[in-house]
There are 2 protein chains.
Amino acid sequence: MTPLSDRGLEFSQLLVEVFRVNGLLLAAGDELAAPAGLTSARWQVLGVVDHGPSTIAQVARTMGLTRQAVRQTATSLVRDGMIVFQDNPHDRRAKLLALPPRGRSALRRVERRQAQWADELAARISLAELRAVTGTLRDLGDLLEDR
Amino acid sequence: MTPLSDRGLEFSQLLVEVFRVNGLLLAAGDELAAPAGLTSARWQVLGVVDHGPSTIAQVARTMGLTRQAVRQTATSLVRDGMIVFQDNPHDRRAKLLALPPRGRSALRRVERRQAQWADELAARISLAELRAVTGTLRDLGDLLEDR
DNA sequence: GGCAGATTGACAAGTACCTGTCAAAATCGC
DNA sequence: GCGATTTTGACAGGTACTTGTCAATCTGCC
């Protein structure tokens, strides 16, 4: 009925696994971030801002999201005191997002937990396998981007 | 600062690739489904119902989502005539979702496009690589599920 | 200096998920 | 058969994204 080749079928199974692992990783990220009062999305924004004060548009470009998405997350972070707006001497429109102590310590807390989590999981998979799967996924990503 | 081992670092790169490929696959799915007036989510629901009339709760279990998510999608599909509710002789609460001709033809159209797309992409990656990456991802998924 | 075009943050509305809650209906235990 | 438990659809509200639009501001060109 759906005339899939052997490869097409194998490929379909890969899709399912990517979706599944993606969902599990997101859930794991939220779990790691929760004790610090964060979520995956909020944590990622803090991570970018940690590299230096940035505008909403800059963070969006770094994360591969739209300005609108970052703005929403940033607004909620400001509301919770995890992030502050600073005036930007170079652009009157685009205020800079910066990390106050409260945001910095929340970020550090999640980073510690994440490092331990990553090490634990990585220890259960051989380095060769890890590299192989990353490489293949990167190729697949490039293929998908080309179209 | 973040005390990641070599493996932990390699693992972090894998995370990034999984997120990237996931996003690209979702976008590709929406593109495949759009000409038939569908989205990835709507298409998936039609795909499940194609196997036989099912209740919202059954579809949710099959897709690994909550009933609430499926209900939302199903409601919009009913609004567009892609799906119809049938009375369920076995349960007065849970009506059955069924595929009228309009939904069936939309589904077939997407399936044809999807099969061609999957074959094209799969042809560019060796079968061995495809199997290896699927296997490793499955192991990783199992690992993540265990915690 | 001044104007065209690009960039930016804000706002609105939509999609796709989630958790929590509720009442109705089905199922299970006795 | 009857009461306790489970399942179900519906509703409310929240998160994390998207596209489209707008006015303010910045930038590049002449």
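Refer to the structure above for everything that follows.
What you see is a predicted model; the values in this text were computed from it and never measured.

Some remarks on the protein's contact with DNA strand D
Every one of the 19 residues lining DNA strand D counts as a neighbour, but T39, T66 and R92 of chain A together with R67 and R93 of chain B are closest to it. Measuring from a phosphate oxygen of DNA strand D, one finds a backbone N or O atom of R92 of chain A at 2.5 Å. Looking at the surface near DNA strand D, the elements with two or more residues in it are α4 (67-79) of chain A together with α3 (56-63) and α4 (67-79) of chain B.

Side note on the packing of helix α1 (residues 6-33) of chain A against helix α5 (residues 101-122) of chain B
The N-to-C vectors of α1 of chain A and α5 of chain B enclose an angle of 95°; their axes lie 8 Å apart at closest approach. One way to sum up the angle between α1 of chain A and α5 of chain B is to call them roughly perpendicular. The segment α1 of chain A lies against α5 of chain B, with R7, G8, F11 and L15 of chain A engaging Q114, W117, A118, D119, L121 and A122 of chain B. Taken together, the residues of the contact of α1 of chain A with α5 of chain B sort by class into six nonpolar, two polar and two charged.

Comments concerning the protein's contact with DNA strand C
Of all residues adjacent to DNA strand C, which total 19 residues, the nearest are R67 and R93 of chain A together with T39, T66 and R92 of chain B. Backbone atoms, meaning sugar and phosphate, form 58% of the atoms of DNA strand C found within 4 Å of the protein. Contacts to DNA strand C include A57 of chain A, whose backbone N or O atom sits 3.0 Å from a phosphate oxygen. Measuring from a phosphate oxygen of DNA strand C, one finds a backbone N or O atom of R92 of chain B at 2.6 Å. Tallied by class, the residues present in the surface near DNA strand C amount to six nonpolar, six polar and seven charged.

A few points about the relation of the copies chain B and chain A
In screw terms, the move from chain B to chain A is a rotation of 180° and a rise of 0.0 Å along the axis, fitting with an RMSD of 0.1 Å. On this basis, the relationship between the two copies can be described by a two-fold rotation axis. No C-alpha of chain B approaches the rotation axis more nearly than that of V133 of chain B, which lies at 2.5 Å. Counting the interface residues of chain B, we find that 98% of their copies in chain A are interface residues as well, pointing to one common contact surface.

Some points on the packing of aromatic side chains
Applying the stated criterion across every chain yields a total of two aromatic pairs over all chains. Geometrically, the ring pair formed by W117 of chain A and F11 of chain B is edge-to-face, given 5.6 Å between the ring centres and 65° between the ring planes. Here F11 of chain B lies in helix α1 (residues 6-33) and W117 of chain A lies in helix α5 (residues 101-122), a pairing that spans two chains. Exposure remark for W117 of chain A: the relative accessible area of 6% places this residue in the buried category. Classification of F11 of chain B by relative accessible area gives buried; the value is 0%.

A short note on the nonpolar core
Within the largest apolar cluster, 40 residues are counted, with the highest numbers of intra-cluster contacts made by F11 and W117 of chain A together with F11 and W117 of chain B. Mapped by element, the contributors of at least two residues to this core are α1, α5 and α6 (127-146) of chain A together with α1, α5 and α6 (127-146) of chain B. In this structure W117 of chain B touches F11, L15, L144 and R147 of chain A together with L25, A28 and L32 of chain B, once residues within four positions along its chain are discounted.

The rules behind each value
- Residues numbered from 1 in each chain as written.
- Chains lettered and ligands numbered in written order.
- Predicted model: local features only at pLDDT ≥ 70, side-chain atom pairs only at ≥ 80, totals over all residues.
- Heavy atoms only, no water.
- Near = heavy atom within 4 Å.
- Polar contact = N/O pair within 3.5 Å; in protein donor to acceptor, adjacent residues only side chain to side chain.
- Helix = DSSP H or I, 4+ residues; strand = E, 2+ residues; numbered from the N terminus.
- Axes fitted to C-alpha atoms, helices over the stretch in contact; angles between N-to-C directions.
- Parallel < 35°, antiparallel > 145°, perpendicular 65-115°, else oblique.
- Contact = heavy atoms within 4.5 Å.
- Nonpolar A, V, L, I, M, F, W, Y, C, P; charged D, E, K, R; others polar.
- Least-squares fit on C-alpha atoms with pLDDT ≥ 70 in both.
- Phe/Tyr/Trp six-rings, centres within 6.5 Å; stacked < 30°, edge-to-face > 60°.
- Buried < 20%, exposed > 50% of the residue type's maximum accessible area, 1.4 Å probe, protein only.
- Core = buried A, V, L, I, M, F, W, Y, C linked by side-chain atoms within 4.5 Å.

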